Each structure stands twice: as C-alpha cells, then as structure tokens.
Amino acid sequence: MMSENDHREDPAAEAAQGSSTSNAFTAVKLLAAAALFYSAGLTFAETYQHMTARSTLNSAHDIEAFTANNSNNNAYSYINWDVHGRRLSSEAKISKENPPSYMKDLFEDLKARTKLMEETPPNEVKYWFEYTGPLQKYFYRYSRSRKKADSFEGRDDSGVVSSRFIETAGGGEEYSTFFGKESSDIPTDEMASYKRLLDNCLAMGSETRPDRKKGSVWSELYNDDADRCRILFTLNTVGAGRLTTMLWETRPPTPHSVEPRPWISEQETAATHLERNLQEIDAMCASGLIAARVQVLVCEPIPGVWTDWMDSMLPNCGGKADPMKVKEGSSAKVEERASPVQVVVTANAKTAEVCHDLKSGFMEQRMQELTLSPPYLTDENVDLKTFNPAEKNTHPDLVSSDDHDLYVALKWSTLITIRSVNAFLQASADLAIAATSAKSELSKEEQEDGVTVVLSSDASSPFLIPSFVRVSYVSEENNKVAKWRMHGDFFHPAAWEICKDSFDMSWIPGSLSGSGGVTDACHGEKECGQWWVYFAEEQMPTTPEIYANEVTAPLVQGGSNYIYMLTERQRQEVVKVKVCLHAAGDDKTKKEQCGDFPQGVIPLGDMESFLMNFTPNTALGKKHSSNRFPGYSRAEERELDRAKVKERKQLKDQEDIEKALFDYTIYPAALFHKDATIKAARARDFAITGAKRDPEAIGPQKVKSGYYDVTITKPRQSQWAWCQAISRKGLCTLYADYFRSFVDDRCLESCGMRKNWSKVERVTDEL
C-alpha cells in the first residue's frame, strides 16, 4: 500500500504534454484516497484538461451536422425496463378507506387535528393549531462561567431538513422510517412504493449495469447482488476549516469512537458539517437502494488520517466497518478492499493558490468537469458527428469516469439527504413523462393564460432540470441579524439568494409519473399535471461566491453551483451542448445552433425538499454586492417602492428596519411557498375570468388558494393544515402511490396537482 507521500507520474501524461504547444494540457493530480473499483491501494494518477488549445472543428459544416444529428431533446428520454421483466406498478388496491400501511400514522394525525379543532371553545384562536410537532431546543452558545449551554425553545414547522433540528441522518423521521424498513417487513402489494426511488433512478440512469457477480467489487462493497441506484457525490471542500485554520491541518474525530463529545457550535469547524453529510450518504446506502461513491475535491494533498476517517464514516457504502460490529471471519485489511471514498487533488503547485481563492471559481469549474466528463478534456479532436456523450474518456482511475445513474455535486456546507435525492429523481421522472405523454399543442385558452408549458422531445422544447435553493437559519454570531428577525424566529430557515421576483409559476400538463419508473399517472386526463416554480433570474449569493459564479456559471440557469444534480440522461444532453459550444469557439452564430443550457424548476407540491440547509447558518444578514442582488430584474420598481416608503414616512426613525427590508434579503421558506402558491392561483384566476374580470374587485374572483386565501382570525379547517403539513414534509412525493392514485382528492391542491385550485364561495357557475 502506497503512502500519501508517494506518487507516480503517468507516462501518457508526459507524452501528451510534450507533443505540441497547440495541445498543451494542464495536469490535475489525482490522489486516490482508497482502492478503486478495479484496484486496491492508494495511487496517484493524472487527468487532463485542455485550457488553451484551439479547436480543429470550427467549421460551420461540423456544427450543422451536429445540430441535425441531435435535433431531439433526449434529456426526457428514459429506459422502459418492462422489456427486462421489471415490475411496473403496484398491485395494491388503494382507496381512502384502505390506505397503505405506511400512512396509518398520517391518518391518525388527521383525526387528532380534527378532534383538537372540534373540542376547542369557539372563542379561542385556532390559527396556531396547525403548527404541531415536538418542542425543539436550539443550543447556540456555551457559557464557561455557568457551565451550561444557552438555548431557545420552539418548533420548526418549515418542513426543511436541517442538521440543527434533526439530529439523526435519514432525511427526517418519515423518510428514515420509510427507507429504513427491512424488505421482509414490507407487504408484497406495497413493494412498488418502497422501490419507487430505485425505479426512477434506473429509468433515468445508465443503460450499462455493473457486474454484481459473487467475487466482484460490487459484492465486496455491498454484500449482495441486487441492483442499486449508483450515485456519484462530488464534494467541494474549498473553504473548509476550523475557525481560521484549514480543516486538513487539524485532526479528525477518532473513527468509530463512542466517548461523548464536547458541544461544538455550528460556526466553529467544518468537520461537523462534513461528518453529517457522510452520515446522510451512509444512510442512503443502508436503505439497500443506493450505491454511493464520494469524490472529495481538495486543492492540495491531505493527511491520510482524514481519508481513513471519511472511509470509516461510510460502512454501509463499503467503508471500514466498526470493529465492534464486524462479523467473525471478516478479516479484510484496508489495503485489500475497495473504498467508497476518493480524494482528488484538483490543482498543481502553480494553481494551488488560485484553487484556494473562493472568488476564482476554480473548484466550481473542476466540479463541473468531473461531473460531466466531456470528451474535449482529453481529446481536442472530437468528432461532432459520431461522438457518444455516454462514453467518458477521462482518466480511468477517476471514479467519475465510471458509469453512474445520478450525479450529485455539492459544497461541504450544503446538507444532502435521501429526501432531496428522492425528490429530484421523482421530479425528473415527472418532466420526462410530461414530454412523452402530454399533447404537443396548446389550446387557445392555454396559449393565453401565460403559465401553461408543454414539454416534448423536440429540440425546441424547454430543457428543464429540477434545481435547488439554499436556506439558512439565524445565527447568534451576528447580533444585527438577531435584532432584525424579520422572518420570524430562530426556528425558521430563509433563503438569501432569491426573492419573490426571482421566479414565475408554470403549469405543465401530464407532469405526473406513476410507479415502476417513468410511467403515465394521468392516463389522458385533461386537467392532470403539476405546478412548477420556474426560475426567472439567476440565484444571487453574497461575496465571495457571487464572483465565483461570474467566472464559472451554474450548469442550470437559475440553479446553484453549490448543490445540483443530474441524471445520466440529463448529463449526456448537457455534454452535447458543452461540446458544441467548445467546437464553436468564439463564433456567436455557431453557438446559437448549439441549443440552450437547461432551465431550473422546482415542483410546488414538494418545494421544501429542494430547499437545502446551509449548515453553518451564517448567511442571513449579509449584504449583497452592488447590482448583484435577488430581484435584479425589478431593481427600478424596488427603488420606487423605497422612495414611496420614505415619502409616506412609514418607517420614520427606523433606519434599521428600512435597511432590513430593502438592503438585505431574508426570504423565509414559508413565505416562498406562499408566494409561489398565490402566484399560481392568481394566474389561473386571471385566465378564467378573462375579459369578464371586474377591474374594481380586490383579490381572487373565481378561484383561490384554499389554504392561503383566508384571514388570520378565521381558523383553517384541520384538513387544510394537515395537507399543508404533508406538502411541507415532502410526503406528497414519498407517498406518491397514494396521492397520485386520485382516490383521495383532499390534498391535491396542497401537493400542487390541482390546476384550478378552489372555487371562491360566491362562484357557482364555471369550472
């Protein structure tokens, strides 16, 4: 076994570097933190990225030929595993009277809510009754003098999964219970529901399946021969540290230690955030549905103790098992087995300083290259007519060069969970089935309503990919933020990279996939589909990330550089666009023929699953750079609003409040959900009323949001609160077999699946 100080130079690399000046390559050193799929031990290898050479395929003929050969949008293609004998649907006879066994607690919750509302005296305010859940504590500071931690008590009803309030890995209580169930305990007629994640992944993933025979690396890692969803996690660790010290210069926790740890604040060290992400990934492998590989990106070689520690955090993914739990007879040594972790040194001596610069966009670029593995990184002479985007020519020692079904790229500070993976796969399947099953032409009403979007496999169809938004909690490290708690309290997360003006709403007909992979759940129903949040602006982080985004733009328009996912099908489509743009060079005319990059969307009914916790929770209260703020598309209107406030003296002698409202972005998760719902409901209201709309009327006239269009003094029915809690917790997707069977329409609106919302009480004619 080679030590981390040993290394070998790749002869092929030297030959490539010395071949010609027009083909100069920059070596990206690879530190293999553990044995790869086909070899054991630690190794160094080289992979190459072409930086300065000119393309030899700049002719208009090549570009036109490429465009002609790729006239279809294959991002919405999928594998029909029916021909391979896979199960396509559940055999369960679902009904409101006979719900699946995994939903019994949910229906008991509805009974409890209803009883509470009925037994409470009429003169008591019932509005808050919908905010149910256990009382939680947030420890934010340790007092050495009093020898105790200061804490706040409250309830986080946002539905967002956070490391602050959810102590154990698994994506929340409902998700950890659901995916943690043993196969032997699952009723046969409900198996499709538990395998939905795997079915969606295989349908949108790679056609090439791994060797799972006994004695293969697969069986060594996972101890079975069952197929899984192969996920590559590419982890950006730039900026990770302990206070002002780089993380890798400190010591990691002892692997598999059982002694109690001292309390550590969220801001003290990145080690706790890295640890939680690895725990979440290990929980995914423990479900038996996911095979995870983790590629850790660093700027310089790191000590072996950190590699060993990361490996030990993933025992269910094939990492080092706890010695106290190892079965007798299992004596495989570390150097004799494969590992789920690979550390990649992305810079050399000349570029290390740039790599550490958070404004440079260097690591964001490397992360995209490893995720996509486009052919021009290693071969400048790419034949646009014949190249296969499914083939990867990057160095074979790189785990990213293997076949995967899903690619997850994230920064160490962003929490990843099985809930977000499940939500992304389901949303991708929904978009795929919409492109194949929905009608290709809009009716006159749909053309005029301004929100209906029809997908197809044509190149002209929008290329949509589900995207994510980061959210942060208030931090006690910043006194001003604590003072300006405009968004509520310490128990509610808020975004800072988007605002109300950053998105529009769209209705996509047919965008509901059933069980068994990408299957049609609408069965030709006219008003069947889903509401989607459609990003109208790019996300605007604060410094230094905003400058990194300007150097390396996110792959998805409106998406994030700090958490994004791609299925294998989506990756191939993005690679096609990248290769075409690379070949076009600086020619704008040729670039226009390459097609657009994908557009970010989020399903309204599962929004909170796409709100990712920024675990250090230090983002709120930071001022955006000039001209780089959310809502930049309506900057003039914002200034006019501010001028009106000053003119009316509404905030006289309250400069702090004025600054909090106009200079700082604090966009609560609950407000995001409300704004998106109201936008969609008002769009349908305007479309239905049309020319008959009363210009003097205030508020909705024909349809409304059943949950949000109520006054605070008028209590909501228990059913509405129940359905909204289901949506916030991501249960519309987790229990999709039930909610998409349409045997129970009570929560269709909260799950974003009702096009025409609720009727306004006075309306008796239309719809």
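Basis of the calculations
Residues numbered from 1 in each chain as written. Predicted model: local features only at pLDDT ≥ 70, side-chain atom pairs only at ≥ 80, totals over all residues. Heavy atoms only, no water. Helix = DSSP H or I, 4+ residues; strand = E, 2+ residues; numbered from the N terminus. Expected span 1.5 Å × (residues − 1). Buried < 20%, exposed > 50% of the residue type's maximum accessible area, 1.4 Å probe, protein only. Arc of directions from axis to C-beta. Contact = heavy atoms within 4.5 Å. Pairing = 2+ DSSP bridges. Core = buried A, V, L, I, M, F, W, Y, C linked by side-chain atoms within 4.5 Å. Disulfide = S-S within 2.5 Å. Axes fitted to C-alpha atoms, helices over the stretch in contact; angles between N-to-C directions. Parallel < 35°, antiparallel > 145°, perpendicular 65-115°, else oblique. Left-handed = near helix turned anticlockwise from the far one by under 90°. Nonpolar A, V, L, I, M, F, W, Y, C, P; charged D, E, K, R; others polar. Salt bridge = Lys/Arg side-chain N within 4 Å of Asp/Glu carboxyl O. Phe/Tyr/Trp six-rings, centres within 6.5 Å; stacked < 30°, edge-to-face > 60°. pLDDT = per-residue confidence, 0-100. Polar contact = N/O pair within 3.5 Å; in protein donor to acceptor, adjacent residues only side chain to side chain.

Notes on helix α3 (residues 104-119)
Each α-helix winds once per 3.6 residues, and so residues spaced three or four apart point in a common direction.
Right, on to step 1. Taking 1.5 Å as the rise per residue, α3 with 16 residues should run 22 Å; its terminal C-alpha atoms sit 23 Å apart, in good agreement.
Right, on to step 2. Where α3 is concerned, the buried positions are Leu106, Phe107, Leu110, Arg113 and Met117. Relative to the axis of α3, the buried residues are bounded by an arc of 115 degrees and lie together on one face. Seen from the buried face of α3, the exposed residues on the opposite side, beyond 90 degrees, are Lys104, Asp105, Lys111 and Glu119.
Right, on to step 3. Where the residues of α3 are buried, they touch α21 (718-728), α22 (731-734) and α23 (736-739).

Description of the environment of Gly170
Right, on to step 1. Secondary-structure assignment places Gly170 in the loop between β4 (148-154) and α4 (173-179).
Right, on to step 2. Distance in space between the C-alpha atoms of Gly170 and Gln279 is 8.4 Å, their sequence separation being 109 residues.
Right, on to step 3. When neighbours within four sequence positions are excluded, Gly170 is seen to be in contact with Tyr175, Ser176, Glu280, Ala283 and Ile418.

Looking at the pairing of strand β9 (residues 341-345)
Right, on to step 1. Summarising burial for β9: five of the five residues are buried, a large majority.
Right, on to step 2. Residues Val341, Val343 and Val345 line one face of β9 and the alternating positions Gln342 and Val344 line the opposite face, and both faces are buried.
Right, on to step 3. Note: strand β8 (residues 290-298) against β9, five bridges, orientation parallel. Each bridged residue has a counterpart across the sheet, and for Val296 the counterpart in β9 is Val343.

Thoughts on the sheet that holds strand β18 (residues 611-613)
Backbone hydrogen bonds are what pair the strands of a sheet, in a parallel or an antiparallel way.
Right, on to step 1. One open sheet holds the four strands; their spatial order is β18-β12-β13-β19, and the pairing between them is mixed. This sheet does not close on itself; its edge strands, each paired only once, are β18 and β19 (667-668).

Remarks on the nonpolar core
Right, on to step 1. Among the nonpolar cores identified, the biggest contains 143 residues, and Phe233, Ile290, Ile416 and Phe739 are the most heavily contacted of them.
Right, on to step 2. Apart from residues no more than four positions distant in its own chain, Ile416 is found in contact with Phe233, Asn277, Glu280, Ile281, Met284, Val408, Leu410, Ile563, Met565 and Met612.

Remarks on the state of the cysteines
Right, on to step 1. Taken as a whole and judged by the stated rule, the model has seven disulfides.
Right, on to step 2. Each disulfide pairs two cysteine sulfurs, and for Cys522 the partner residue is Cys528, the sulfurs being separated by 2.0 Å. Disulfide Cys522-Cys528: the torsion about the S-S bond is -70 degrees, which places it as left-handed.
Right, on to step 3. The buried category is assigned to Cys522, whose relative accessible area is 5%.
Right, on to step 4. Take Cys528: its relative accessible area is 6%, and that puts it in the buried class.
Right, on to step 5. Residue pairing for Cys732: its cysteine sulfur links by disulfide to Cys751, the two sulfurs lying 2.0 Å apart. In this structure the cystine formed by Cys732 and Cys751 twists about its S-S bond by roughly -75 degrees; its chirality is therefore left-handed. Of this pair, Cys732 sits in helix α22 while Cys751 sits in the loop between α23 and β21 (758-759); the two residues are 19 residues apart in sequence, bridging distant segments of the chain.

Some thoughts on the packing of helix α6 (residues 196-204) against helix α12 (residues 418-437)
Two measures define how a pair of helices packs: the angle their axes make with one another and the distance between the axes.
Right, on to step 1. Axis separation between α6 and α12 bottoms out at 9 Å; the angle between their running directions is 55 degrees. Relative to α12, α6 is oriented oblique. Taken as a pair, α6 and α12 cross one another with a handedness that is left-handed. Where α6 approaches α12, its residues Arg196, Leu197, Asn200, Cys201 and Met204 are matched on the opposing element by Ile418, Asn422, Leu425, Gln426, Ser428, Ala429 and Ala432.
Right, on to step 2. Looking at the contact of α6 with α12 residue by residue, the classes come out as seven nonpolar, four polar and one charged.

A look at the environment of Thr615
Right, on to step 1. Among the structural elements, Thr615 can be located in the loop between β18 and α18 (635-648).
Right, on to step 2. A relative accessible area of 3% means that Thr615 is categorised as buried.
Right, on to step 3. Expressed as a C-alpha distance, the spacing of Thr615 and Ser162, which sit 453 residues apart in the sequence, is 7.2 Å.

Let's talk about the pattern of salt bridges
Right, on to step 1. Following the criterion strictly, the structure yields 30 salt bridges and no others.
Right, on to step 2. Among the salt bridges present, the one from Glu207 reaches Arg569, with a minimum N-O distance of 3.2 Å. Here Arg569 lies in helix α16 (residues 568-584) and Glu207 lies in the loop between α6 and α7 (217-222), a separation of 362 residues in the sequence.
Right, on to step 3. A relative accessible area of 57% places Glu207 in the exposed class.

Describing the packing of aromatic side chains
Right, on to step 1. Summed over the entire model, instances satisfying the criterion amount to 23 aromatic pairs.
Right, on to step 2. Between Phe178 and Tyr194 the ring centres are 4.2 Å apart and the planes differ by 10 degrees, which places this aromatic pair in the stacked class. With Phe178 in helix α4 and Tyr194 in helix α5 (residues 191-194), this pair connects stretches of sequence that are 16 residues apart.
Right, on to step 3. Judged by its relative accessible area of 4%, Phe178 is buried.
Right, on to step 4. Where Trp531 meets Trp757, the ring centres are 5.9 Å apart and the plane angle is 35 degrees; that geometry is what we call tilted. Remark: Trp757 occurs in the loop between α23 and β21 and Trp531 occurs in strand β15 (residues 529-535); sequence separation between them is 226 residues.

Describing the confidence of the model for the protein
Low-confidence regions, as indicated by low pLDDT, have predicted coordinates that should not be scrutinised in detail.
Right, on to step 1. Summing up the model confidence of the protein, the mean pLDDT is 82 and the portion of residues at 70 or higher is 81%.
Right, on to step 2. Overall, residues 481-488 carries pLDDT values under 50, and its contacts beyond four positions in sequence, including any with other chains, amount to 21 contacts.
Right, on to step 3. Predicted confidence for residues 763-767 stays below pLDDT 50, and this span has 11 contacts to residues more than four positions away or in other chains.

Focus: the packing of helix α11 (residues 362-372) against α16
Right, on to step 1. Orientation of α11 relative to α16, taken along the N-to-C sense of each, is 115 degrees, at an axis distance of 10 Å. Of α16, the residues touching α11 (which contributes Gln368, Thr371 and Leu372) are Arg571, Val574, Val575 and Lys578.
Right, on to step 2. Taken together, the residues of the contact of α11 with α16 sort by class into three nonpolar, two polar and two charged.

Things to note about the pairing of strand β17 (residues 599-603)
Right, on to step 1. Among the five residues that make up β17, five are buried, leaving the element largely enclosed by the rest of the structure.
Right, on to step 2. Burial of the side chains of β17 extends over both faces: Gln599, Val601 and Pro603 are buried on one face and Gly600 and Ile602 on the other.
Right, on to step 3. Sheet analysis places strand β11 (residues 464-466) next to β17, joined by three bridges and oriented parallel. Within β17, the position partnered with Leu464 by the bridge is Gln599.
Right, on to step 4. Pairing of β15 with β17 involves three bridges; the strand directions are antiparallel.

Topic: the sheet that holds strand β14 (residues 503-509)
Right, on to step 1. Pairing is mixed across the open sheet formed by four strands, whose spatial order is β11-β17-β15-β14. The open sheet has two edge strands, β11 and β14, and neither has a second partner. Put simply, the sheet's adjacent strands are angled 40 degrees from each other on average, direction ignored.
Right, on to step 2. Judged from the seven bridges that link them, β14 and β15 form a sheet pairing that is antiparallel. What sits directly across from Met505, in β15, is Val533.
Right, on to step 3. Strands in contact with α12 are β11, β14, β15 and β17; relative to β11, the strand with the most contacts, it is inclined by about 160 degrees.

Looking at the environment of Gln539
Right, on to step 1. Structurally, Gln539 can be placed in the loop between β15 and α15 (545-551).
Right, on to step 2. Expressed as a C-alpha distance, the spacing of Gln539 and Arg628, which sit 89 residues apart in the sequence, is 9.5 Å.
Right, on to step 3. Discounting residues that sit within four places of it in the chain, Gln539 has contacts with Phe468, Val469, Glu497, Ile498, Asn549, Gly558, Gly559 and Ser560.
Right, on to step 4. For Gln539, the side chain forms a polar contact with the main-chain oxygen of Phe468, separated by 2.8 Å.

Details of the side chain of Arg230
Right, on to step 1. Inspection of the secondary structure puts Arg230 in strand β5 (residues 229-236).
Right, on to step 2. In this structure Arg230 comes out as buried when scored by relative accessible area, which is 8%.
Right, on to step 3. In this structure the side chain of Arg230 is engaged in a polar contact, spanning 2.6 Å, whose partner is the backbone oxygen of Thr208.
Right, on to step 4. If we ignore the near neighbours within four places in the chain, the residues touching Arg230 are Cys201, Ser206, Thr208, Arg209, Pro210, Trp218, Ala291, Asp403, His404, Asp405 and Leu406.

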